[in-house]
Amino acid sequence: SDRHFEATVGDITISVQEGDLTQERVDAVVNAANKRLDHAGGVALAISRAGGRKIQEESDEYVKKSGTLTIGQAMHTGAGKMPCKYVIHTVGPKWHSHGDKDTVKAQLYEALHNVLYYATSRLKATSIAIPAISAGIYGVPVEVCAEQLVLATLKFVHSSPGNNTLRDIRFVNIDGQINRVFVRAFSGSL
Ligand code: AR6
């Protein structure tokens, strides 16, 4: 995929790339899911299609056993036919929800924090590809989304527990406009 931005923090490479998330050769791809893990639209549908039936089946099994997810929670399934090993599903907040905007921002920050923590502690992932969680159907303005995801990423890599396995953190979007906002957010924070 097309690389817009790359920076190194310690021994971790952070990048912003244009392309289809489902084609990334990484340990884990992140899904912007809903609470029911019903992958019917957006990047979730792209992942579900690219991976094959296994993704929705494992998701349904999980919800049947453990119930729906809460906002910011993370879980994983296999990746089916995709080149990655795992899909980490998380649920971002909706912009037009009951809470105030600061709550929405905190929930988005928390969602990515939990994903990164899950990737390293549960999956020992060295590479991860992340979409613009909540910035599509869930309506969070892309500037707000980028601000929170960048903050969560930088905070995570800086406070990096010695046992952090991640070395390659990629933000991948099919939409170049969105990538430009992420590049600006990283450039302004590094
Ligand atoms: N690769 C990379 N980025 C993509 C791809 C792709 N193949 N497809 C879409 N995007 P969204 P949300 C970008 O709506 O706002 C689903 O129905 C897209 O341009 O997928 O968290 C779920 O099941 C956008 O910037 O996620 C939930 O019900 C970003 O992915 C709901 O949508 C996220 O957009 C979640 O909505």
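In this text, all values refer to a predicted model and were calculated from it rather than measured experimentally.

Novice: Teacher, can you tell me more about the site of the ligand here?
Specialist: Of all residues adjacent to the ligand, which total 23 residues, the nearest are Asp20, Val43, Ser134, Gly136 and Ile137. Between the ligand and aspartate 20, the relevant distance is 2.9 Å, taken from a nitrogen atom to a side-chain nitrogen or oxygen of the residue. The separation between an oxygen atom of the ligand and a polar main-chain atom of aspartate 38 is 3.4 Å. Taking 710 Å² as the accessible area of the ligand by itself, protein coverage stands at 91%. For the shell around the ligand, the secondary structure elements donating two or more residues are strand E3 (28-33), helix H1 (42-51) and strand E7 (168-173). If one sorts the elements of the shell around the ligand by residue count, H1 sits on top with 4 residues. Residues that form the shell around the ligand fall into these classes: 14 nonpolar, 7 polar and 2 charged.

Novice: Can you walk me through the packing of aromatic side chains in this structure?
Specialist: The geometry of an aromatic ring pair is captured by the separation of the ring centres together with the interplanar angle, meaning the angle of the planes. This model, assessed by the stated rule, comprises 3 aromatic pairs. When the centroid spacing of 5.5 Å and the interplanar angle of 15 degrees are considered together, the rings of phenylalanine 5 and phenylalanine 186 count as stacked. With phenylalanine 5 in strand E1 (residues 2-9) and phenylalanine 186 in helix H5 (residues 176-189), the pair connects residues that are 181 residues apart, well separated along the chain. Three or more aromatic residues link up through ring pairs in this structure, and these residues are Phe5, Phe171, Phe182 and Phe186. Over the ring of tryptophan 95 we find lysine 101, and its NZ or CZ is 4.6 Å from the ring centre.

Novice: How do you make sense of the pattern of salt bridges when you look at a structure like this?
Specialist: When their charged atoms lie close together, side chains carrying opposite charge are able to pair. Applying the stated criterion across every chain yields a total of 7 salt bridges. Residue aspartate 27 pairs with lysine 85 through a salt bridge whose shortest N-O separation is 3.0 Å. With a gap of 58 residues between them, aspartate 27 in the loop between strand E2 (12-18) and E3 and lysine 85 in the loop between strand E4 (74-78) and strand E5 (86-91) connect regions that are remote in the sequence. Across the pair glutamate 57 and arginine 53 runs a salt bridge whose closest N-O atoms are separated by 2.8 Å. With glutamate 57 and arginine 53 both in helix H2 (residues 53-66), this residue pair falls 4 residues apart, about one helical turn. Overall, the relative accessible area of 37% leaves glutamate 57 in the partly exposed class. When salt bridges that share partners are traced, they join Glu24, Asp168 and Arg170 into one network.

Novice: Before we go on, may I ask you to explain the nonpolar core in this structure?
Specialist: Counting residues in hydrophobic clusters, the biggest one holds 45 residues, and the most contacted among them are Ile88, Leu112, Ile128, Ile130, Phe171 and Phe182. No other element matches the 10 residues that helix H4 (residues 142-158) contributes to this core. In contact with phenylalanine 182, not counting residues within four places along its chain, are Val16, Ala132, Val142, Cys145, Ala146, Leu149, Val150 and Phe171.

Novice: Looking at this structure, I do not really get the packing of H4 against H5. What am I missing?
Specialist: Between two packed helices, the angle of one axis relative to the other and the distance separating the axes together describe the packing. Viewed as axis vectors pointing N to C, H4 and H5 meet at an angle of 45 degrees, and their least axial separation amounts to 9 Å. With respect to their mutual orientation, H4 and H5 come out oblique. Pair H4 / H5 crosses with right-handed handedness. Across the interface between the two elements, Val142, Glu143, Cys145, Ala146, Leu149, Val150 and Leu154 of H4 pack against Ile178, Val181, Phe182, Ala185, Phe186 and Ser189 of H5. Along the lines of polarity and charge, the residues of the contact of H4 with H5 split into 11 nonpolar, 1 polar and 1 charged.

Cut-offs and rules
- Residues numbered from 1 in each chain as written.
- Predicted model: local features only at pLDDT ≥ 70, side-chain atom pairs only at ≥ 80, totals over all residues.
- Heavy atoms only, no water.
- Near = heavy atom within 4 Å.
- Polar contact = N/O pair within 3.5 Å; in protein donor to acceptor, adjacent residues only side chain to side chain.
- Areas by Shrake-Rupley, 256 points an atom, 1.4 Å probe, with all protein chains shown as cover.
- Helix = DSSP H or I, 4+ residues; strand = E, 2+ residues; numbered from the N terminus.
- Nonpolar A, V, L, I, M, F, W, Y, C, P; charged D, E, K, R; others polar.
- Phe/Tyr/Trp six-rings, centres within 6.5 Å; stacked < 30°, edge-to-face > 60°.
- Lys NZ or Arg CZ within 6 Å of the ring centre and 35° of its normal.
- Salt bridge = Lys/Arg side-chain N within 4 Å of Asp/Glu carboxyl O.
- Buried < 20%, exposed > 50% of the residue type's maximum accessible area, 1.4 Å probe, protein only.
- Core = buried A, V, L, I, M, F, W, Y, C linked by side-chain atoms within 4.5 Å.
- Contact = heavy atoms within 4.5 Å.
- Axes fitted to C-alpha atoms, helices over the stretch in contact; angles between N-to-C directions.
- Parallel < 35°, antiparallel > 145°, perpendicular 65-115°, else oblique.
- Left-handed = near helix turned anticlockwise from the far one by under 90°.

Geometric descriptors of this kind do not, in isolation, establish any biological role.
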